[in-house]
There are 2 protein chains.
Amino acid sequence: MKNAMAETYKKTGDLPANMSLGPAIILVRPQMGENIGMCARAMLNCGVSELRLVAPRDGWPNERAVVTAAGAAHVLENARIFSSTAEAVADLEYIFASTARERGMSKEIYTTEAAARKIRSLNTPGQQKCGILFGPERTGLENEDVARASAVLHVPLNPGFSSLNLAQAVLLSCYAWLAADNPFSAGDVTLETGVSEPATQQDIENLALRLEKALFDSGFLNNAEKNHITMRNIRNFLFRSNATQQDIQTLHGIFVSLMGKKSW
Amino acid sequence: MKNAMAETYKKTGDLPANMSLGPAIILVRPQMGENIGMCARAMLNCGVSELRLVAPRDGWPNERAVVTAAGAAHVLENARIFSSTAEAVADLEYIFASTARERGMSKEIYTTEAAARKIRSLNTPGQQKCGILFGPERTGLENEDVARASAVLHVPLNPGFSSLNLAQAVLLSCYAWLAADNPFSAGDVTLETGVSEPATQQDIENLALRLEKALFDSGFLNNAEKNHITMRNIRNFLFRSNATQQDIQTLHGIFVSLMGKKSW
């Protein structure tokens, strides 16, 4: 199911219609085109594609944005332009203001992860209800913009060095949304098997048995009381190694070669 | 406790000695100085400060790195330079290779979040055991570097657009480590109270009672059967608003003013 969704996504480059929408990303008075493009790229990395711009300083469209967006040009092409924050959020129901500074006003503050869960709970397929406001690079959001928001989004970073650039702030917010229910994650830890299939337990045991006999003959296993501990340790190493069939063949070859033979 | 730790961090700019270490970030043959600097900045944003460089293309030190590192210059100054990946990881115990591509070799693949938990479980205060390898911007890690790693770190992104720039890949890995046990997060959702204290329930009820009387007198509450429902809805709005004492004073003023009076 998840893999099928990933394949659809891969082919079209667009969000599958049955997927929950990511937040609308609203850049308020962004200054540098390069940063707008990098935001578009970071958004699309995470499957977020709705970009709104409030009064971009250098006008719109902006060639510099296209360069840094890399392959995310269609996010820029579909961006909507507004002259005020109020117009940009008029159709939305829940707005986060992204800010690192305290504003001296009463407002709930969400971590990136809590905001992501809130967005997941409100946005559904085809229903864009949530947006995140990001301020200009140099100054951040004005208090008037923060006052308009439902809540504050605060990325809990090193308090001695918390200044993120604009695209990095957008990336962390969008990635948190993706990570909150990631259809592209195969699971916490998966095993890439490569060209050779994993060895079976019997493959590994066969190797261990041949090695045991060889080590007995060579005199390495020369302590009747401790031989079984030595072999247990060797088996522990061999069995936890996630060895492929190729790895086991290679080990057979190594042991035989070290014995000066051509085969066991 | 957590606030005290944050304060210490804020003053010194250095990792408190009782905090678990973040991963060593190992940039293998990085190309552009600008990107090295942006990696240093992203690391320090997340409280990660150990940077190792393997054969940086343009030599070291690099002035362009200093510019983009912004305030993270000391991460660059303390960076260690190696001529090979093997030397750079010699003292470490567990290495992740960060890569977006499949490599056709048998290896466990960790998501960003699972890798963060693994690093938390191995690194302890003062004990640097884990590192993450990042390859050159244009090509990523070579298979020889991936083969040297204990496991692969894969950021599960939009499969149709998964190319992250170097500093963004470093940022997501470091942020995941920080987020796995964040001493700087006050909690999922907190309330910034601002300059005015939160209103008490009695403050709000007093307002509701006065408003109820005024609305009865004005004829707004003119349906004996439904007045209680109307007032319940008004109370619901007032009580869920997280109002401050200042907000309540302002509402008193608004209502009195609309009644053409100077006080209730």
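Conventions and cut-offs
- Residues numbered from 1 in each chain as written.
- Chains lettered and ligands numbered in written order.
- Predicted model: local features only at pLDDT ≥ 70, side-chain atom pairs only at ≥ 80, totals over all residues.
- Heavy atoms only, no water.
- Helix = DSSP H or I, 4+ residues; strand = E, 2+ residues; numbered from the N terminus.
- Rg over C-alpha atoms; globule rule 2.2 N^0.38 Å.
- Buried < 20%, exposed > 50% of the residue type's maximum accessible area, 1.4 Å probe, protein only.
- Contact = heavy atoms within 4.5 Å.
- Areas by Shrake-Rupley, 256 points an atom, 1.4 Å probe, with all protein chains shown as cover.
- Lys, Arg positive; Asp, Glu negative; His and termini not counted.
- Charge placed at Lys NZ, Arg CZ, Asp CG, Glu CD.
- Core = buried A, V, L, I, M, F, W, Y, C linked by side-chain atoms within 4.5 Å.
- Buried area = accessible area lost by both parts, 1.4 Å probe.
- Salt bridge = Lys/Arg side-chain N within 4 Å of Asp/Glu carboxyl O.
- Polar contact = N/O pair within 3.5 Å; in protein donor to acceptor, adjacent residues only side chain to side chain.
- Pairing = 2+ DSSP bridges.
- Least-squares fit on C-alpha atoms with pLDDT ≥ 70 in both.
- Domains from an automatic or database assignment.

## Structural notes on the overall build of chain A
A count of helices and strands for chain A gives 11 helices and 8 strands. Taking 18 Å as the expected radius of gyration for a compact globule of 264 residues, we find that chain A reaches 28 Å, considerably beyond that expectation. Counting all 264 residues of chain A, 48% fall into the buried class. Of the contacts formed within chain A by residues at least 6 apart in sequence, a portion of 81% connects residues at least 24 apart. Carbon and sulfur atoms form 51% of the exposed surface of chain A, whose accessible area is close to 13,000 Å². Here chain A contributes 26 positively and 27 negatively charged side chains, and the mean placements of these two sets differ by 4 Å.

## Let's talk about the nonpolar core
If you look at the biggest cluster of nonpolar residues, it comprises 92 residues, and the most contacted ones within it are Ile25, Leu27 and Leu51 of chain A together with Ile25, Leu27 and Leu51 of chain B. The residues touching Ile25 of chain B, leaving out its near neighbours within four places in the chain, are Met43, Val48, Glu50, Leu51, Arg52, Ile132, Phe134, Val170 and Cys174 of chain B.

## Notes on the interface of chain A and chain B
Taken together, the contact pairs 59 residues of chain A with 59 residues of chain B. For the pair chain A and chain B, the summed buried area comes to about 4,800 Å², and 56% of that belongs to carbon and sulfur atoms. For Asp188 of chain A, the salt bridge identified is with Arg117 of chain B, shortest N-O distance 2.5 Å. The interface formed by chain A and chain B includes 22 residue pairs in polar contact (both at pLDDT 80 or more). Every element with two or more residues in the side of chain A that touches chain B is listed here: α1 (2-12), α2 (33-45), β5 (107-111), α6 (112-122), α8 (166-179) and β8 (189-192) of chain A. If you tally residues by element for the side of chain A that touches chain B, the top one is α8 of chain A, at 7 residues. Pairing between β8 of chain A and strand β5 (residues 107-111) of chain B: 4 bridges, direction antiparallel. Note on β5 of chain B: the bridge partner recorded for Glu192 of chain A is Lys107 of chain B.

## As for the relation of the copies chain A and chain B
Rotating chain A by 180° about the axis while translating it 0.0 Å along that axis superimposes it on chain B, leaving an RMSD of 0.1 Å. Interpreted geometrically, this transformation is the action of a two-fold axis. A share of 100% of the interface residues of chain A reappears at the interface of chain B, consistent with the copies meeting face to face through the same patch.

## Concerning the domain arrangement of chain A
By a frequent convention, interface size equals the accessible area lost on bringing the separate parts together. Domain boundaries in chain A define domain 1 (2-179) and domain 2 (201-258). Domain 1 of chain A and domain 2 of chain A are separated by 56 Å when their C-alpha centres are compared.

## A word on the pairing of β5 of chain B
Residue and element names in this part refer to chain B. β5 sits mainly inside the fold: 4 of its 5 residues count as buried. Pairing analysis gives 3 bridges linking β5 to strand β7 (residues 151-154), with the strands arranged parallel. Each residue of the ladder has a partner; that of Thr111, found in β7, is His154.

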